[in-house]
Each structure stands twice: as structure tokens, then as C-alpha cells.
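What follows is the residue order along each chain.
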Amino acid sequence: MRFFMSPRSPLPSAGSTLLSAAVLVASLAGAVLPAGAQGVPRDHPPLTPDRKAPSDRVPAEPGPGRGSRTEKPLPGGGVGVDLTAPPAGPQAAVTLEQLFERLKTAKRPEAGQRIAREIEGRWLQSGSDTVDLLMARALAAIKANDTALALDLLDAIVTLKPDYAEGWNKRATVHFVRKDIGRSVADIEAVLRLEPRHYGALYGLATLMKELGDKKRALAAYRQALALNPFLSEVEKQVKDLSLEVDGRDL
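It should be emphasised that the depicted structure is a prediction, and the values quoted were computed from it without experimental measurement. (Residues numbered from 1 in each chain as written. Predicted model: local features only at pLDDT ≥ 70, side-chain atom pairs only at ≥ 80, totals over all residues. Heavy atoms only, no water.)

Student: When you look at the packing of helix α4 (residues 129–143) against helix α5 (residues 147–160) in this model, what are you seeing that I'm missing?
Tutor: Packed helices, taken two at a time, are described by the angle between their axes plus the distance between the axes. Closest axis-to-axis distance for the α4/α5 pair is 8 Å, and the angle between their directions is 155 degrees. Comparing their axes, α5 and α4 come out roughly antiparallel. In this structure, α4 meets α5 at a crossing whose hand is left-handed. Residues T130, V131, L134, M135, R137, A138, A141 and I142 of α4 form the contact with α5, whose participating residues are L149, A150, L153, L154, A156, I157 and L160. (Axes fitted to C-alpha atoms, helices over the stretch in contact; angles between N-to-C directions. Helix = DSSP H or I, 4+ residues; strand = E, 2+ residues; numbered from the N terminus. Parallel < 35°, antiparallel > 145°, perpendicular 65-115°, else oblique. Left-handed = near helix turned anticlockwise from the far one by under 90°. Contact = heavy atoms within 4.5 Å.)

Student: Explain the pattern of salt bridges here, please?
Tutor: It is possible for side chains bearing opposite charge to pair when their charged atoms get close. Inspection of every chain in the model, using the stated rule, returns 13 salt bridges. Between D155 and R171 there is a salt bridge, with its nearest N and O atoms 2.8 Å apart. Separated by 16 residues along the polypeptide, D155 in helix α5 and R171 in helix α6 (residues 165–177) bring together distant segments of the chain. On the accessibility criterion, D155 (25% relative accessible area) is partly exposed. Given the relative accessible area of 2%, R171 is considered buried. We note a salt bridge from K170 to E166, for which the minimum N-O separation is 2.7 Å. Residue K170 and its partner E166 are located together in helix α6, separated by 4 residues, close to a single helical turn. (Salt bridge = Lys/Arg side-chain N within 4 Å of Asp/Glu carboxyl O. Buried < 20%, exposed > 50% of the residue type's maximum accessible area, 1.4 Å probe, protein only.)

In C-alpha cells form, the structure reads like this:
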């Protein structure tokens, strides 16, 4: 995908970034988070396709969605779920692999949507209190349309915890909103290296490829997303429409 990549600005040195993050966290530690800062209502684009972006979300791009609501997600797979503790009880013992298997075999949309929400909640958990606090603030900044602050916070997140796929995913969404397509694509690729099953990021990638006129790659990414989460009705529609253009036939 080299043709749509753009040069990335070098990351600040680890020492300066960590120091900045530490100062930032210290300054936030005693602050009361604004309502909703613990997690933006589900789905920005990336966040998800079947919905319209709610008022508490950045106006948007597409990204996979579910549920009876119709939120239009942002590319990059941003899944605005709540930053809460991992589920307690029997469900906590269920692995992501098992959840994906259940998602593929779910018979009813309601069941599939519940499983998808659980998967997205797992993705949002970083395992670090510091990173979770930074992510809460980043989500609040996205909600307030303060993309400059959101980007600063997400830069710190991916530097502090580069193996946290959702940090790259949310930053891809912010880059998209700022119309920095090259960096958005680069961050989506980072998400997919860390979590190849991230159907939100695949939806975001497909959206970007379609905008760039690469319908063949867009169709491939849409199909991958749908194979992982069969309950993405907007993705299903995109696959059907693009397959006629790319393959010359219906599904």
C-alpha cells in the first residue's frame, strides 16, 4: 500500500515523550473527568457502519457498527466503548478467540451485537492505569472535537504502550478527521499487525481505499471485516455493491 502512504513525522525521543506523558498524567490525576470521559458512547467509526454519529462523537467517517441504533462510525475502527473494568464473573474467563467464534456462529443479530460489544470492550482495555487515563482524556477530546489535544494524548499512548492496538486505532480516526490520509492508513496498518481481527480497522481501511479509488482493495477489506463480524449490515451492502463493480457479478 505504499502508493497512499505519506512520510511520517519522527516520533519525539522516548525520554522526552515519557516525561511529557508523566507530567500530563500527574496534571490529570486529581482532575474530575467530564461526563462521558470514561468512554464515548459506542462507535465513532471506526467507529461502525450501521449508525449515525451521536452528538458526543466526532462527525464522521464510516467504521463498522451494530445495534438497533444507526450510528455512522469513523474510519480506523474507532470503537467508542466505555473504559470500564473487564467483565466480572464467568464472562471474564471467556477468551477473545472464543468470543470471535461465538460471533461467527451467533444466530440472532441481538446476540451478535452483544458479543461484538464485549469484543470491543476487551480491545479498549490497555492493562495500564496510566494509558487508560490518557485514553479517557483522548476520548473526551475527540468528543469535544479538539483533535489537536486528542492527537497529543494518542501520540503519548502509542509511545508508552506500542502494543496497544486501540491506541493506534483511535489515532487513525483522528488523522482521518484531520484529513491526513497517509498517517491514518499507516496507523490502521499498525492496528492490523497487532490485532488482525479488528473488523473496525478493516472497515476504516476499506473506507479509505474506496475514497482513494482502489475499489479492489476496498472490497477485499470489506469482505475481511464481514467474515469476522457477520452483523455489519452496512459492510454487507458495500460488499454487494462493490462486487458488481470489481467482479462484474453479484455475491
